[in-house]
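Listed below are the residues making up each chain.
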Amino acid sequence: MEGLCLAVKGRVLRWIAGAASVTVATTLLAQTPPQPGTTSTGTPFQPSQQAPASNTYQGSVADEKATADLLQLTLDDAIQRGLKHNLGLILTSTNQQSAGGQRLQELQGLLPTVDGTFKDAVAETNLQAEGLRIPGFPAIIGPYGYQDVRGTLAWSLLNITSLRNYLAAKHNFAGTQLSVQDARDMVVLTVGNAYLTCVADAALIASDEQQVATSKVSLDQAVANHQAGTSPLLDELRARVDYQTQQQTLISAQNQFEKDKIALARAIGLPLEQKFALADQAPFAALDQLDLKALIDQAEGARSDLKALGEQVQSATESKSAATAERFPTIDFEGDYGAIGVNMLHSHGTGDAMGTFTVPLFEEGKLRGDSRIAQSALDQKKAQFSDLQGQISADVRDAILDIQSAQERVTVAESNVKLAAEALSEAQQRFANGVSDNLAVSQAQQSVAQANNQYVSSLYEHNVAKLSLARALGLADRNYKQYVGGK
């Protein structure tokens, strides 16, 4: 009887071990987490990154230390620093990395997924809980164990949705690459504008200093004439008011200059403690012989933001196709092979292979919802693309009009500066000779200051307009020197 019990016990143990082996071999794949590309239906691709706001181009990531030396900063140095440290360009570059990651994720849905596992299990079994009640046989069996080394493979052999999603992610990645180039043009425009603003501020300061010196001469002359009794006190008071007014204007210009230098340093990643001087000026250089139609055609072929939006339209088109393909059948393969036994020295190879053909029968809510969302995104991208085409033409036209207007204003302002200087000289001579009071001198000084301000403003607007034209043509990153310096 005891021998019979031992025989039955051994047979049951072998049965349990065999059942455990079969169960493990057949359920390994079922316990494996779902792999990309193995589901019957998916979701159309949607980009996750956001375009940086325009004000981010006014910031930067500063990683340099300030030095005690005075930095001579040229326009080219400022732009190169901006292309390295500007926050807007950095954020756009991170969007490119994110889009590259999404492209790889969607690619995985088309590739096989292979995993390896090793299991070392120990268990006890309650036979009575399993419904086995044998007289003289123990209710608890174990502990006993097994080891399992296994490789699993999952591969979506046919899934049109995954293919379309990958193509959408690929176009989206290409669009972000082009957006980085467009961001470089934006950095050139932002930094160039900030630098030219500082140049204009410096020119205004020089003009105001000259006006202060001229006002001081007029004041000294009025004081001397009043003390000599040849002019009334009113002339001296008027001259003193003019002198102090010019001093206030100079103080305001110097303050604005320092604030604009801070803005320039922020845009190019220069430490705010770093002292620097502007090494370049902005002389007048006319930009003539502009062919509007040729420039518009050139802009439409070169603008990176238009190309990037075109890639986004293609991405949205593939996403719409992915939504349509959710209704198509899919074919998946899943399999595993490994060795299982009490230990690796006493094991046996087992494997499993399964092909799955899946047809969606009723998911109308999801399928129609995905299709409408994808169609909405596609319509938005097409509308934005059409709008940008018109905006490019407007940008080129605006820049050309600004260039032509500013060129004419610079010419007129140069003449006004000369005429105002002659009028001031004539008024000063008349006052010095006692022919008239200094009211004409005061008015002439105001005319000179106004003429100088108009000249500086016109010159700044002309150079910025040329830089804007380079941006409108999509050439700011490569040819900004040619446009700012004139042809």
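Just so it is clear, the model here is predicted, and its values are computed rather than measured.

Comments concerning the overall build of the protein
Link 1 in the chain: The helix and strand inventory of the protein stands at ten helices and six strands.
Link 2 in the chain: For a compact globule of 487 residues, the expected C-alpha radius of gyration is about 23 Å, and the protein comes in at 40 Å, more than 25% above that figure.
Link 3 in the chain: Structurally, the protein occupies a C-alpha span of about 150 × 50 × 35 Å along its principal axes.
Link 4 in the chain: Taken across its 487 residues, the protein has 39% of its residues classed as buried.
Link 5 in the chain: Once local pairs closer than 6 in sequence are excluded, the contacts in the protein between residues at least 24 apart make up 84%.
Link 6 in the chain: When the accessible surface of the protein is totalled, it reaches about 25,500 Å², and 55% of it is carbon and sulfur.

Thoughts on the layout of surface pockets
Link 1 in the chain: In this structure, the largest pocket encloses a volume near 860 Å³.
Link 2 in the chain: As for the largest pocket, its lining consists of 32 residues, of which Ala 51, Ser 179, Leu 309, Gln 312 and Lys 381 are closest to the centre.
Link 3 in the chain: Among the elements of the structure, helix H3 (87-108), helix H4 (160-228), helix H7 (304-325) and helix H8 (364-432) are those that each provide at least two residues to the lining of the largest pocket.
Link 4 in the chain: Among the residues forming the lining of the largest pocket, the class breakdown is 15 nonpolar, 14 polar and three charged.

Quick word on unusual backbone geometry
Link 1 in the chain: Cis peptide bonds are those with omega within 30 degrees of zero, and the linkage from Gly 142 to Pro 143 qualifies with 5°.
Link 2 in the chain: With respect to the helices and strands, the residue Pro 143 is situated in strand S3 (residues 140-158).
Link 3 in the chain: Unusually for a residue other than glycine, Gln 289 sits at a positive phi of about 55°.
Link 4 in the chain: Position of Gln 289 among the secondary structure elements: in the loop between strand S4 (276-278) and helix H6 (292-302).
Link 5 in the chain: According to the relative accessible area criterion, Gln 289 is exposed, its value standing at 82%.

Brief notes about the packing of helix H2 (residues 75-85) against helix H10 (residues 476-484)
Link 1 in the chain: Relative to each other, H2 and H10 sit at 160°, their axes nearing to 12 Å. Judged by the inter-axis angle, H2 sits roughly antiparallel to H10. The chirality of how H2 crosses H10 is right-handed. Residue-level inspection shows Leu 75, Asp 76, Ile 79, Gln 80 and Leu 83 of H2 in contact with H10, the latter providing Asp 477, Tyr 480, Lys 481 and Val 484.

Rules used throughout
Numbering of residues begins from 1 in every chain and follows the order in which that chain's sequence is written. Two thresholds apply to this predicted model, a pLDDT of at least 70 for residue-level local features and 80 or more for giving and counting side-chain atom pairs, whereas whole-chain, interface and lining totals are computed over all residues. Hydrogens and water are ignored here; the side-chain numbers use all heavy atoms of the structure. Secondary structure elements follow DSSP: runs of H or I no shorter than four residues count as helices, runs of E no shorter than two count as strands, and numbering proceeds from the N terminus. Note on method: radius of gyration uses C-alpha positions; expected globular size equals 2.2 Å times residues raised to 0.38. Classification of residues uses two cut-offs on accessible area relative to the type maximum, computed with a 1.4 Å probe and protein chains only: under 20% is buried, over 50% is exposed, and between them is partly exposed. For this analysis, residues touch if any pair of their heavy atoms sits within 4.5 Å. Where accessible areas are quoted, they stem from the Shrake-Rupley method and a 1.4 Å probe; at the residue level, only the protein chains shown are allowed to cover. Grid points spaced at 1 Å over the protein atoms alone were grouped into cavities, where a 1.4 Å probe fits but cannot get out, and pockets, open sets with protein on both sides within 12 Å along at least five of seven lines, with lining residues defined by an atom within 4 Å of a point. Grid points are joined across faces, edges and corners, and a volume is the space filled by probe spheres set on the points. Amino acids outside the nonpolar list (Ala, Val, Leu, Ile, Met, Phe, Trp, Tyr, Cys, Pro) and the charged list (Asp, Glu, Lys, Arg) are all regarded as polar, and Gly is one of them. Working convention: axes come from line fits to C-alpha atoms, limited for helices to the stretch in contact. Angles between N-to-C directions cover 0 to 180 degrees. To sort the angles, those under 35 degrees are grouped as roughly parallel, those over 145 as roughly antiparallel, those from 65 to 115 as roughly perpendicular, and the leftovers as oblique. Rotating anticlockwise by less than a right angle from the far helix to the near helix defines a left-handed crossing, while the corresponding clockwise rotation defines a right-handed one.

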